Each structure stands twice: as structure tokens, then as C-alpha cells.
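Examination of the molecular architecture
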There are 2 protein chains.
Amino acid sequence: MSRILVFGSGSVGTMYAMLLSRAGADIACVCRSNYEPALSRGFTVHSTLFGNQTFKPRVAKSVQEAVDNQASSVPFDFIVVCVKAVDTGVSPAEMIKPAVRESHTSIVVIQNGLGVEAIYHQAFPRNTVISGVTYMPTSQVEPCVVSHSETQTLFLGPYPTELTTPADKSSTEAFSQLIVAAGANATVCDDIQVERWKKLIGNTTWNPVCALSRCRDLQFLHATPDIAQGFITESMREVVAVASTLGYGDVIREDAVQAQIQRSKTRQWPGVQPSMLADIENDRPVEVEAVIGEVVRIARKHQVSVPRLETLYVLLKGYDYHLRAKQI
Amino acid sequence: MSRILVFGSGSVGTMYAMLLSRAGADIACVCRSNYEPALSRGFTVHSTLFGNQTFKPRVAKSVQEAVDNQASSVPFDFIVVCVKAVDTGVSPAEMIKPAVRESHTSIVVIQNGLGVEAIYHQAFPRNTVISGVTYMPTSQVEPCVVSHSETQTLFLGPYPTELTTPADKSSTEAFSQLIVAAGANATVCDDIQVERWKKLIGNTTWNPVCALSRCRDLQFLHATPDIAQGFITESMREVVAVASTLGYGDVIREDAVQAQIQRSKTRQWPGVQPSMLADIENDRPVEVEAVIGEVVRIARKHQVSVPRLETLYVLLKGYDYHLRAKQI
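As the structure is a computational prediction, the values presented were derived from the model and not from experiment.

Conventions adopted
- Residues numbered from 1 in each chain as written.
- Chains lettered and ligands numbered in written order.
- Predicted model: local features only at pLDDT ≥ 70, side-chain atom pairs only at ≥ 80, totals over all residues.
- Heavy atoms only, no water.
- Helix = DSSP H or I, 4+ residues; strand = E, 2+ residues; numbered from the N terminus.
- Buried < 20%, exposed > 50% of the residue type's maximum accessible area, 1.4 Å probe, protein only.
- Contact = heavy atoms within 4.5 Å.
- Areas by Shrake-Rupley, 256 points an atom, 1.4 Å probe, with all protein chains shown as cover.
- Axes fitted to C-alpha atoms, helices over the stretch in contact; angles between N-to-C directions.
- Parallel < 35°, antiparallel > 145°, perpendicular 65-115°, else oblique.
- Nonpolar A, V, L, I, M, F, W, Y, C, P; charged D, E, K, R; others polar.
- Buried area = accessible area lost by both parts, 1.4 Å probe.
- Salt bridge = Lys/Arg side-chain N within 4 Å of Asp/Glu carboxyl O.
- Polar contact = N/O pair within 3.5 Å; in protein donor to acceptor, adjacent residues only side chain to side chain.
- Pairing = 2+ DSSP bridges.
- Least-squares fit on C-alpha atoms with pLDDT ≥ 70 in both.
- UniProt positions renumbered as here; feature names shortened; annotations may be inferred.
- Lys, Arg positive; Asp, Glu negative; His and termini not counted.
- Core = buried A, V, L, I, M, F, W, Y, C linked by side-chain atoms within 4.5 Å.
- Right-handed = clockwise from strand over helix to strand, strands pointing away.
- Domains from an automatic or database assignment.

This part is about the overall build of chain A. Each helix and strand in chain A was counted, giving 13 helices and 12 strands. Each of the three principal axes of chain A carries a C-alpha extent, and together these read 60 × 40 × 40 Å. Sorting the 328 residues of chain A into buried and exposed places 56% on the buried side. Within chain A, residue pairs in contact and separated by at least 24 positions form 71% of the contacts whose partners lie at least 6 positions apart. Within the structure as shown, chain A displays about 13,600 Å² of accessible surface, and the carbon and sulfur contribution to it stands at 49%.

Right, dumping it as C-alpha cells:
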């Protein structure tokens, strides 16, 4: 039986904890803000794909507590990191350290954005790091109660791609099989970064745009009907241009841009609320660096012109600065 | 004695009402939100340049009421329009109509942005329209109490420049002399649009940037020290490029950009709060079209590439959309 620690019990963490537990894995969840309800009532999922269910994994307030609660000397096989990629002052790689058994535990990073896996690879060079990209519209409607609809996909691949070993591959396969055993989707990729870039086309553009304008995607298109669609298209092309510079020109193309635009245009009014809009509306820090900062830095390094992305980035960084200053 | 109606009694309207009254003009102020305190206590100005003073002009709740209060058949010589350039559903040109005597009353438009004079010229083609650009850091600290510091300049010129008649010129001179008689600064320009563009270099960039990021100018530069200054410079250059297209290449140049950057960099921490930031913090509608929309439209018409300004514009329009939707 696989022993799995889920680090970060927001909506994505809850969903994958539920699926892995359905697959028969032994699950412990690190809960910080929602420890009390998780301990007393467990987690409830309302999903159009997986039905309604409540499950009660072991819970702990910290990684150390989760380790202490484990039967002695039995290490975790996987740590699934589902925290937000924001700078909290303490690296999540540092926080999971007590639960990482060298050369044994695989770290599955299901986070948005680019470059999010690097800190885990640096901290644990002898462990497998699995990069995960998920499409799964979820929201935490109250603590430990998650609503999920429409779709669920998980792309997985070892990080970094070019250093993949047979052990990394089999670990990635094993994790994928758990998800599939739960009746969900998982796909192992040769180069997971292709999937990160594909998702970034939408995320790097819509997330900051909706957060800064406070509009859902369709509302934003409606606010300046003669300009907004062209603007979003050009912004997405900037992401594609950066991806091309890194050698992804064959797989990240204009058709991906057009598909994204089409998807937004045909949504039900008033469109979707990207996670960054939800965060900004709740005065929570936003995933600036992972979602857009990293793309802008790569563009600058390779001298790709990304004026729209750079504008979105400096505005978001300013907003983040304002938010942090307010909280001091 | 000049008879002057001041339409819009915010901080700029109050300051110019005070100066014109010091110059001996007969002043009536249209007060909407601040009618009661204006009637009972008058206006108070705390100014580092003009001292502290209270003055009590005639006040009215509407233009029609101001006309009815006038001695019969004596028309206003000037109407000074100091309302914000936001779309309220009713055109300010329509609102001042009862006070405009054809071929007599001059309309002085002291508003931010570009293209703000057009509606007055269209509505009153036989009257002089004087375009005014002011630099005067003021804020209304409470209703009818205005704080002012640092500087005061008013540039004046007939609108549109190319149709200026001798009557327009002498009316502009007369208004200018009133301001100067009050001990303040006024300069009559051959082409006032040059001054509008010069002010726009700072306004079109800093106003939306600060409003969207919620930062004062220095805070914004501090939030991304390696990128923000270059970004602001490039944004200002986009404004300069649009001005060049209209034939202002000789007078709106790179040195204006560098002067603006230098001015922001040497401010006292945390920098200044542009009016649009104050508006957005108070959930008030912002001057999107006059301050940036018009620039973007001219750029599109003349095929000048302004990706940064366009980004700022679509984000602000989205924000404005969100704000108006919230108020319904």
C-alpha cells in the first residue's frame, strides 16, 4: 500500500487526497488553516464527475506532526505538494523536509506556473520530483468542503526532463496508476514542460487580466468589445513566442491560442473566475512569479519582446507589494 | 466686473473660484454633493502658495438655479468647467446650457486628458471654448475644504487651435489676466494641445499604473526595481510616439520623458497619489477615456504600436465595467 502525504489541503489537495484514498493509498493530510474541521468532520467533495462523498484521512497540523503520527520507520512513498506558489517567506521544500526519505520519497508537485519544481529538485537531488499539471475546476466553498465540476485531467512527468532516470519513470508511472485506479485521468508525458506551457497560454494571460480588471473572462471581453479579444490574442502569442525560444515551437502553436480564445468566447455569461481573481478579491497573495514572473524573466533573458505580459507583471507585482504593505 | 460660473466645485474648481474671486470677479458656484456646507460655511483653502482663507461665493444646486439667481438678463462672461471627465450618462455640455449666452459666454474647460473640449465646441459653435491645463496638487480633505501645495500653473488656449478668432484670443487673454491679477500663474499658448500632450506623458502612464497596482509612484518603482523604471519609460515613449504622429514631434520629446522619470525618482517616500488612484480607492469612476482611451484610439487610427498603453486601457475599462456593474 502506498503511503502518501498531501501537503496543502485546499481544493486541489482535497481532490487528489480523495482520489488517492479511493485508489487504496494510505493518506495523511497536512492541514493548516482548516485543521479543526478536517479533524472533526473530514473532507466533503461535491463533484459532477466523481459524485458526492465524505472521507476522513489522518490529519496533522504540520509535516513533522504527520511524520510523528506515522508507524515508526515507514517512510512516505509520495508527497503531493498542492500549496499555492506564493512567497510566504518559508520555502515549501524546507517545510516538507521532515517527511522526505532520501532516495525513496517521490515529490509530486501539482502547482500552477513555471519553474515551481526547481526548489524541490535542489533540496532533494537524490529523490524523484514529479511535475504535475492539472485541469480541474474546483473551489473550496467552505473549509474542507470542495465543489468540482466539468473536467479532471492530470499530466505527469519527471523533473527535470533531461535528467530522468528509470527510477523516476517507474515512480511517475506508479503515481499515475493510482490516479487511474481511482477512476480519474492521468497521463505520463515525455516532457511535462510542454503541458506547463500549454496551460500557461491561458493562465499567464487570463489570471492577471481578470485579477487586475476584476472581471471574469467574458465580462472582460465585453468591457471593450472592439479591443479586448485582439489584446488577449496578442498576449497569448507573447507566451507562445517565449515557449518557441525554449524550443517548443513545434508543439506550442497558434492553434492553441485560437482554441483558448474560442473556449472563452463560448462560455456561459459572465464567464469563469480564474483563481487569481478569487485570490485578489479575498486579499490573498497571488501566484505572480510562477504564473507570469518566470515567463517574463525567460523572455528578458532571451530578448523576446513581451510588452503586454511585462505590463501585467509589473502591475501585479505592484499590487502584491501594496497588499503585503497593508498586512504589516 | 466679470461674471463667472464655476461648474464643478471639487478641489480644482474651488481653487480657481477662490483665485477668480480674489481677482474681483463675481463668482457663482454650482455645487452638487457639497451644496449644504458650501451654503452654510463657504469654502476654505489651505494653500502653501496662497495662504489659508475662507470665501463665500453664491452657490446653487444646479446651473438653472444659478441662472435664476442672477440679476435678470446679465449673462455669464465665463463658465469654468472643473468636473471630472467621466461618463455619467448626461453630458456636461448639456448641463451648462442654461448659463451659456450665444456668442457671449466663454467656456473654460479645466479638465484632465485629451479631447475633453470637443463636446463644448460642438454644442456651442458660436462661443469661445478655452482649453485649460493645470498643474496644481490639490485634494479635498473634507467637503468644501481644500488643501493645496507646491505649485500652481494654468496653461490656456482657444479650442480648436486652427479655428481661433480674434474674439477667442481676447477672451482667453482676459481670463488669463484675471488669474494673474489674483497673484497666480497663467500662460496663454498658441497651441494648448502641446501642453495637454506634455501633461499626458505623465498622466496617461502613472494614473492607470498607480490605480491598477494600488501603489504610489515611488512604491511602484520599488516593487520591481529591475523592471518598473524601464517599463514606465517605455510607456511614456508610447505617448510621445502618438504625439509625434499628430505633428508634435518637435515639442514632445525624449527629454520630457526623462524629466518625468527623474521627478518621480526624487520624490519623498512613498511618492504621490495620482487622482486616479484616489478615485479607484474610493470606488469612484475613473477618467479612463479622456486620460488613456483617447490616446489609444489615436494610436490605433494612425497605426502606432502602443502595447503597454493598450494593456493599461483594457484593464482600466474592465475595472470600470466591474465598478459600474457593482453599483447597479
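Continuing now.
Look at helix H7 (residues 192-213) of chain A against helix H13 (residues 307-327) of chain B: their axes get within 8 Å of each other, and the N-to-C directions meet at 50°. By the angle between their axes, H7(A) is oblique relative to H13(B). Counting all contacts with H7(A), which are made through A:Val209, A:Leu212 and A:Ser213, the residues of H13(B) involved are B:Leu315, B:Gly318, B:Tyr319 and B:His322. Tallied by class, residues from the contact of H7(A) with H13(B) come to 4 nonpolar, 3 polar and no charged.

Below, the discussion takes up the interface of chain B and chain A. Opposite the 30 residues of chain B that make contact, chain A presents 30 residues. Around 2,700 Å² of area is buried between chain B and chain A when both sides are counted, 73% of it from carbon and sulfur atoms. It is B:Ile227, B:Leu315 and B:Tyr321 that lose the most area in chain B upon contact with chain A, and together they represent 22% of the buried surface on that side. Applying the counting rule to chain B against chain A returns 0 salt bridges. In this structure, the connection of chain B to chain A is made through 3 residue pairs in polar contact (both at pLDDT 80 or more). At the level of elements, helix H7 (192-213), helix H8 (217-223), helix H9 (228-248), helix H12 (288-301) and H13 of chain B are the ones that each hand at least two residues to the side of chain B that touches chain A.

Residue and element names in this part refer to chain A. In space, the 8 strands of this open sheet follow the order S5-S2-S1-S6-S7-S8-S11-S12, with mixed pairing throughout. Whereas interior strands pair on both sides, the edge strands pair on one side only; in this sheet they are strand S5 (58-60) and strand S12 (187-188). Pairing of strand S8 (residues 129-135) with strand S11 (residues 153-159) involves 7 bridges; the strand directions are antiparallel. Each residue of the ladder has a partner; that of Thr134, found in S11, is Leu154. Packed onto the sheet, H7 meets strand S7 (106-110), S8 and S11 and runs at close to 35° relative to S8.

At an RMSD of 0.1 Å, chain B and chain A line up after a rotation of 180° and a shift of 0.0 Å along the axis. Such a combination of rotation and displacement between the chain copies is what one expects of a two-fold axis. Most of the interface of chain B is mirrored in chain A: 100% of its interface residues are interface residues there too.

The sites that UniProt annotates as "domain: Ketopantoate reductase C-terminal" (unreviewed entry) are residues 191-319 of chain A. Secondary structure content for residues 191-319 of chain A is 74% helix and 0% strand, while the C-alpha to C-alpha distance between its ends is 34 Å.

Turning our eyes to something else, we now look at the side chain of B:Asp77. Residue and element names in this part refer to chain B. Positionally, Asp77 belongs in the loop between helix H3 (63-69) and strand S6 (78-81). One buried charged residue, Asp77, forms no salt bridge at all, with the nearest opposite charge on Arg3 at 4.4 Å. At 2.8 Å, the side chain of Asp77 and the side chain of His104 are in polar contact. In contact with Asp77, other than residues within four places in its own chain, are Met1, Ser2, Arg3, His104, Thr105 and Ser106.

Membership of the largest hydrophobic core comes to 96 residues, with the highest contact counts inside it found for A:Trp197, A:Phe220, A:Ile232, B:Trp197, B:Phe220 and B:Ile232. The residues touching B:Trp197, leaving out its near neighbours within four places in the chain, are B:Leu114, B:Val239, B:Val242, B:Ala243, B:Leu246, B:Tyr248, B:Ile252, B:Val295 and B:Ile298.

For residues that are not glycine, phi is negative in most cases, and the peptide bond is trans in most cases. All names here are of chain A. Geometrically, the link from Tyr159 to Pro160 is a cis peptide bond, its omega value of -10° lying close to zero. Here Pro160 shows up in the loop between S11 and helix H6 (166-181). Cis rather than trans, the peptide bond between Trp269 and Pro270 has omega equal to 5°. Within the secondary structure layout, Pro270 lies in the loop between helix H10 (254-265) and helix H11 (275-281). Unusually for a residue other than glycine, Ser103 sits at a positive phi of about 60°. Given a relative accessible area of 48%, Ser103 falls into the partly exposed group. Positive phi, normally seen in glycine, also occurs at Glu150, with a value near 75°. Residue class for Glu150 comes out exposed when judged on its relative accessible area of 62%.

In this section: the pairing of strand S7 (residues 106-110) of chain B. Residue and element names in this part refer to chain B. Where burial is concerned, most of S7 is hidden: 5 out of the 5 residues are buried. On S7, burial covers both faces: Ser106, Val108 and Ile110 on one face and Ile107 and Val109 on the other are all buried. Note that S6 and S7 share 4 bridges and pair parallel. Directly across from Val80, in S7, lies its bridge partner Val108. As paired elements, S7 and strand S8 (residues 129-135) share 4 bridges and run parallel to each other. Across the sheet, residue Val109 finds its bridge partner in S8, namely Ser131. Considered for its hand, the β-α-β crossover made up of S7, helix H5 (residues 118-123) and S8 is right-handed.

With that settled, the discussion passes to the environment of B:Glu294. Residues and elements named next belong to chain B. Structurally, Glu294 can be placed in helix H12. Separated by 180 residues in sequence, Glu294 and Leu114 place their C-alpha atoms 6.3 Å apart. The residues touching Glu294, leaving out its near neighbours within four places in the chain, are Leu114 and Glu289. At 3.1 Å, the side chain of Glu294 and the side chain of Arg297 are in polar contact.

Turning next to the sheet that holds S8(B). Residue and element names in this part refer to chain B. If you trace the 8 strands from one edge of the open sheet to the other, you get S5-S2-S1-S6-S7-S8-S11-S12, paired in mixed fashion. Two strands lie at the open edges of the sheet, namely strand S5 (58-60) and strand S12 (187-188), each paired on one side alone. Sheet topology note: the strand S1 (residues 3-7)/strand S2 (residues 26-30) ladder contains 5 bridges and is parallel. Across the sheet, the residue bridging to Arg3 is Asp26, located in S2. Contacting S1, S6, S7, S8, strand S11 (153-159) and S12, helix H6 (residues 166-181) runs over the sheet at an angle of about 165° to S11. Across the sheet, H7 is in contact with S7, S8 and S11; its angle to S8 comes to roughly 35°.

Okay, the domain arrangement of chain A next. Residue and element names in this part refer to chain A. If you check the domain split of chain A, you get domain 1 (3-190) and domain 2 (193-326). Taken over C-alpha atoms, the centre of domain 1 sits 25 Å from the centre of domain 2. Listed per partner, the contact involves 20 residues of domain 1 and 20 residues of domain 2. In total, about 1,700 Å² of surface goes out of reach between domain 1 and domain 2, with carbon and sulfur atoms giving 50% of it. For domain 1, the biggest contributors to the area lost against domain 2 are Lys84, Asn112 and Leu114; these three give 41% of the whole.

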